[in-house]
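# Per-entry structural report
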Amino acid sequence: MSEIVNCAAYADGHRVADVSLNDVHTVLKENNQFVWIGLHEPSEDILQSVKDEFNLHELAVEDAHNAHQRPKVEIYGDSIFVVLRTIIRKKEHTEFGETHFFVGDNFVVVVRHGSSIPYTEVRARCEATPEQLKKGQGFVLYAVMDFIVDHYFPVVH
């Protein structure tokens, strides 16, 4: 599976372009747009590129690379870093993973580690509701967090 699952620019609640990681900095200069990038178990090189493109804090990127973090929310300058634990029930056993989020003025970076259902369904649902997606990266953070929490219910039951 590719380390970069999806990278797209959004404006006014609609996907306006697929973006290569090396071109993110140009999209971030545009007003009223945000970039949503999804990563799955990225290499150190990919995370370094993401750090450079989004101007992320070194300590948060180190946490995202190492995984095995406790759930938390940390503020680094004008962005936040969030870690959530994921859980999936597969037949007779439970698998754990984690998802890290970097959220800034015009971006959201979602990094999956370990066992987790891909978030392509969340992206599709967000794109199908432009009035909600128009709210920007905060709505994306909410939607993915809601998806993660919903997957706790089968395990709890």
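Details of the structure are given in the entry above.
An account of the accompanying structure is given in this report. Just so you know, these numbers come straight off a predicted model, no measurement behind them.

## Details of the environment of Arg85
- As for its position among the elements, Arg85 is in strand 5 (residues 79–90).
- In sequence terms Arg85 and Val35 are 50 residues apart; their C-alpha atoms lie 24 Å from each other.
- Beyond its immediate sequence surroundings of up to four residues, Arg85 is in contact with Gln69, Pro71, Phe96, Gly97, Glu98, Ile148 and Tyr152.
- Of note is the side chain of Arg85, whose polar atom sits 3.1 Å from the side chain of Glu98.

## Points about unusual backbone geometry
- Notably, Asn32 is not glycine yet its phi reads approximately 60°, a positive angle.
- Along the chain, Asn32 turns up in the loop between helix 1 (24–28) and strand 3 (33–40).
- Asn32 gets classed as exposed once you look at its relative accessible area, which sits at 72%.
- Positive phi values are uncommon outside glycine, yet Asn55 reaches one of about 55°.
- Residue position: Asn55 is located in the loop between helix 2 (44–54) and helix 3 (58–66).

## Side note on the packing of aromatic side chains
- For the structure shown, the criterion picks out 6 aromatic pairs.
- With a centroid separation of 5.9 Å and an interplanar angle of 40°, the aromatic rings of Tyr10 and Trp36 are classed as tilted. Placement of Tyr10 in strand 1 (residues 4–11) and of Trp36 in strand 3 is noted, with a sequence separation of 26 residues between them.
- Residue classification places Trp36 among the buried positions, given a relative accessible area of 3%.

## Some remarks on the pattern of salt bridges
- In the structure shown here, the tally under the stated rule is 11 salt bridges.
- Ionic pairing is found between Glu121 and Arg125, a salt bridge with its closest N-O pair at 3.3 Å. You can see Glu121 and its partner Arg125 sitting in helix 4 (residues 120–127), 4 residues apart, about one turn around the helix.
- A cluster of three or more residues bridged by salt bridges with shared partners is formed by Asp12, Glu131 and Lys134.

## Concerning the state of the cysteines
- Inspection of every chain in the model, using the stated rule, returns 0 disulfides.
- The thiol of Cys7 is not disulfide-bonded; the next cysteine sulfur, from Cys126, is found 16 Å away.
- You can call Cys126 buried: its relative accessible area is 2%.

## A look at the sheet that holds strand 7 (residues 107–114)
- Ordered in space as 2-1-3-7-6-5-4, the 7 strands form an open sheet in which the pairing is mixed. With one partner strand each, in any of the chains shown, strand 2 (14–18) and strand 4 (72–76) form the two edges of the open sheet. Averaged over neighbouring strand pairs, the angle between their axes works out to 25° when direction is ignored.
- Note: strand 4 against strand 5, 5 bridges, orientation antiparallel. The residue bridging Tyr76 from the neighbouring strand is Ser79, located in strand 5.
- Contacts from helix 3 reach strand 4, strand 5, strand 6 (93–104) and strand 7 within the one sheet, and its direction differs from that of strand 6 by about 160°.
- Contacting strand 3, strand 5, strand 6 and strand 7, helix 6 (residues 137–150) runs over the sheet at an angle of about 170° to strand 6.

Calculation notes
- Sequence order as written defines residue numbering, which begins from 1 separately in each chain.
- Only residues with pLDDT of 70 or above have their local features reported here, since the model is predicted, and side-chain atom pairs are shown and tallied only from 80 upward, although totals for entire chains, interfaces and linings are computed over all residues.
- The basis for every side-chain value is the complete set of non-hydrogen atoms in the structure, without hydrogens or water.
- Strands are runs of DSSP state E lasting at least two residues, helices are runs of H or I lasting at least four, and both sets are numbered from the N terminus onward.
- Any two residues whose heavy atoms approach within 4.5 Å are treated as being in contact.
- We define a polar contact as two N or O atoms separated by no more than 3.5 Å, with the added condition that, inside protein, one atom must be a possible hydrogen donor and the other a possible acceptor, whereas residues neighbouring each other in sequence contribute only through side-chain atom pairs.
- Partly exposed residues are those whose accessible area sits between 20% and 50% of the maximum for their type, while under 20% is buried and over 50% is exposed, using a 1.4 Å probe and protein chains only.
- Centres within 6.5 Å are what make two rings of Phe, Tyr or Trp a pair, Trp counting through its six-membered ring; a difference in plane orientation under 30 degrees is then read as stacked, over 60 as edge-to-face, and the rest as tilted.
- Here, a salt bridge means any side-chain nitrogen of Lys or Arg that lies within 4 Å of a carboxyl oxygen of Asp or Glu.
- Here, a disulfide means two cysteine sulfur atoms that sit within 2.5 Å of each other.
- Strands were regarded as paired on the criterion that DSSP finds at least two bridges between them.
- All axes here are fitted lines through C-alpha atoms, helices being fitted over the stretch that makes contact, and every angle between N-to-C directions spans 0 to 180 degrees.

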